[in-house]
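# Structural characterization, general
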Amino acid sequence: MHPELRSRLLAACGPGHLFDDPDLRSSYETDWTRRFSGKAVFVARPPDTAGVAAVVAACREFGVPLVPQGGNTGLVGGSIPRAGEAVLSLRRLDRIEDFDPIAGEVTAGAGVTLQALQEFVRPHGWDVGVDLASRASATIGGMVATNAGGVRVIRYGPMRHQVIGIEAVLADGAVLARLPGLLKDNTGYDLPGLLAGSEGTLAVVTRVRLRLIPARPARAVALLGLPSLAAALEVLGAVRRRAPGLEAAEVFFPEGLDLVLRHARLAAPFPRPHACYLLVECAGADDPAPALAAALESSVDPASVLFATSRADRDRLWAYRERHTEAISAEGIPHKLDVTLPASRLAGFEALVRARLAEAAPGTRPILFGHAGDGNLHVNILGAAPDDETPDDAVLRLVASLGGSISAEHGIGVAKKRWLNLTRGPADIQAMRAIKRALDPAGILNPGVIFDLEGLTPPARRREDG
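Residues numbered from 1 in each chain as written. Predicted model: local features only at pLDDT ≥ 70, side-chain atom pairs only at ≥ 80, totals over all residues. Heavy atoms only, no water.

## Focus on helix H11 (residues 311-322)
The line we're drawing: Only DSSP runs of H or I with at least four residues qualify as helices, and only runs of E with at least two residues qualify as strands; both kinds are numbered from the N terminus onward. Working rule for helices: expected span equals 1.5 Å times residues minus one. Burial classes follow relative accessibility: with a 1.4 Å probe on protein chains only, a residue under 20% of its type's maximum area counts as buried, one over 50% as exposed, and anything between as partly exposed.
End to end, H11 covers 15 Å across 12 residues, agreeing with the expected 16 Å (1.5 Å per residue, within 8%). Taken together, the buried positions of H11 are occupied by Arg314, Leu317, Trp318, Ala319, Tyr320 and Arg321.

## Considerations on the packing of aromatic side chains
What counts, and what does not: Any pair of Phe, Tyr and Trp rings, taking the six-membered ring for Trp, is counted once the centres come within 6.5 Å. Such a pair is stacked with planes under 30 degrees apart, edge-to-face with planes over 60 apart, and tilted for the rest.
Going through the model one piece at a time under the given rule, you end up with four aromatic pairs. Consider the rings of Phe252 and Tyr277, whose centres lie 5.3 Å apart with planes at 15°: the pair is stacked. Of this pair, Phe252 sits in strand E13 (residues 246-252) while Tyr277 sits in strand E14 (residues 276-284); the two residues are 25 residues apart in sequence, bridging distant segments of the chain. Seen in terms of ring centroids, Phe270 and Tyr277 are 6.3 Å apart; in terms of plane orientation they differ by 10°. Their pairing is stacked. Accessibility expressed as a relative area gives 3% for Tyr277, which makes it buried.

## Quick look at the sheet that holds strand E16 (residues 335-340)
Backbone hydrogen bonds are what pair the strands of a sheet, in a parallel or an antiparallel way. The line we're drawing: Pairing between strands is defined by DSSP: at least two bridges between the two strands are required. Lines fitted to C-alpha atoms define the axes here, with helix axes fitted over just the stretch in contact, and angles between the N-to-C directions of these axes take values from 0 to 180 degrees.
Spatial strand order, E15-E12-E14-E13-E17-E18-E16: seven strands in an open sheet with antiparallel pairing. Here the strands that pair on one side only, and so sit at the sheet edges, are strand E15 (305-308) and E16. Across the sheet, the mean angle separating the axes of adjacent strands is 15° when strand polarity is ignored. In this structure, strand E12 (residues 218-226) lies alongside E14, joined through nine bridges in antiparallel fashion.

## Some remarks on the pattern of salt bridges
What counts here: Between Lys or Arg on one side and Asp or Glu on the other, a salt bridge is scored when a side-chain nitrogen of the former is within 4 Å of a carboxyl oxygen of the latter.
Counting across every chain of the model gives 32 salt bridges. One salt bridge in this structure joins Arg155 and Glu247, with 3.7 Å as the shortest N-O distance. In this pair, Arg155 is assigned in helix H6 (residues 153-156) and Glu247 in strand E13, connecting sequence segments 92 residues apart. Given a relative accessible area of 27%, Arg155 falls into the partly exposed group. Residue Glu247 is classed as buried on the basis of its relative accessible area, which comes to 1%. Close ionic contact of Arg354 with Glu255 constitutes a salt bridge, the shortest N to O distance being 2.8 Å. On the criterion of sequence distance, the pair formed by Arg354 in helix H13 (residues 346-360) and Glu255 in helix H9 (residues 254-264) is long-range, its members being 99 residues apart. Exposure remark for Arg354: the relative accessible area of 22% places this residue in the partly exposed category. One salt-bridge network, held together by shared partners, links Arg122, Asp127, Arg152, Arg155, Arg219, Glu247 and Glu281.

Geometry only, nothing functional implied.
Below is the structure:
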């Protein structure tokens, strides 16, 4: 590393927070799936926005591209180095500030975990609108950068809908300050909305102002065993009409449940297996259980329903769904494809995708689960080599042919950029490239994510010997 660059990075990060030793870098160089990995030239861990700005400015001057990284829970290879980039870790930006218990708003640093923020606001009667199974490690900055969805989209929308204001460091080291942010503010372009979902390619998110939702402590969960996904969607329709507190609606299937039972050592929920499982949760200030029970009464066989209202029992039922990811990863390195289908085609897709994979990639094992309320299924594929794109191609082309999206909530990253043109036309892609060129003309921020750096001119690296 150039001596001047090292000196500036050490000044920005502080002692002990600039890693170029391979052992110290290693945990930052592989994503959650273990499918994507690469070597970082170094890892920089600045403590605050000023430090991030100093790192970005120095790296731009020395021609070192950067991969911004939060909790490194990404699933599409967008948060790890690929071709000699440096990793810019935001984990130390973990302050929670300016909590307003009257308006229900809070500012969180990019490195604050979702769980930490939930634990901070819940005692005050508020909650975070987005919830994920990876809440203990997923960071707010990463969730904004990927426009994370999770289990509550059906009621509160994805992360973009929670963002009121944002602070971010641009590619030249300048700080974009849209804090604290206002609910009603039509002053020019909606830059916070633009940065949400940009996957670290336009700016480095450092702080976010979030709207909160009222905490709803009264909750009821039902787990249903059903004969098909089509039947599950019919039941869900009845619940949506009759139970106004519906907050989550999740589906999974026997092969996924079997993995969870084996790896998590849980007891089977029902005496006999079912073709599809639907988990729904309703929440409110008052007990939502009567409305949920009434919605289910005429729709399902009572012998195939488990009902829970206590925290322990709700968590027990949620475990059958939330432990899918760890159970799948314990079986091998999966291809993880999260896709969205129009509601009317979701049930048909489930059967079609299994058949398409059996034809295109025989010997692979599809494990499906997802968010029934917003049409988002996670297609996990075991048994394919990490670099074999045959199953990915089969699934994503099927999704596009049915009018769906190739990315529901994980982003494009590097895993899906080959297929971006399936659901984004030439004009869309050209507009996105133009925005990238305008905000990051040197292509220093997360190069190669979403699309390649065509039309961008990276700066020449300064000589290592100075």
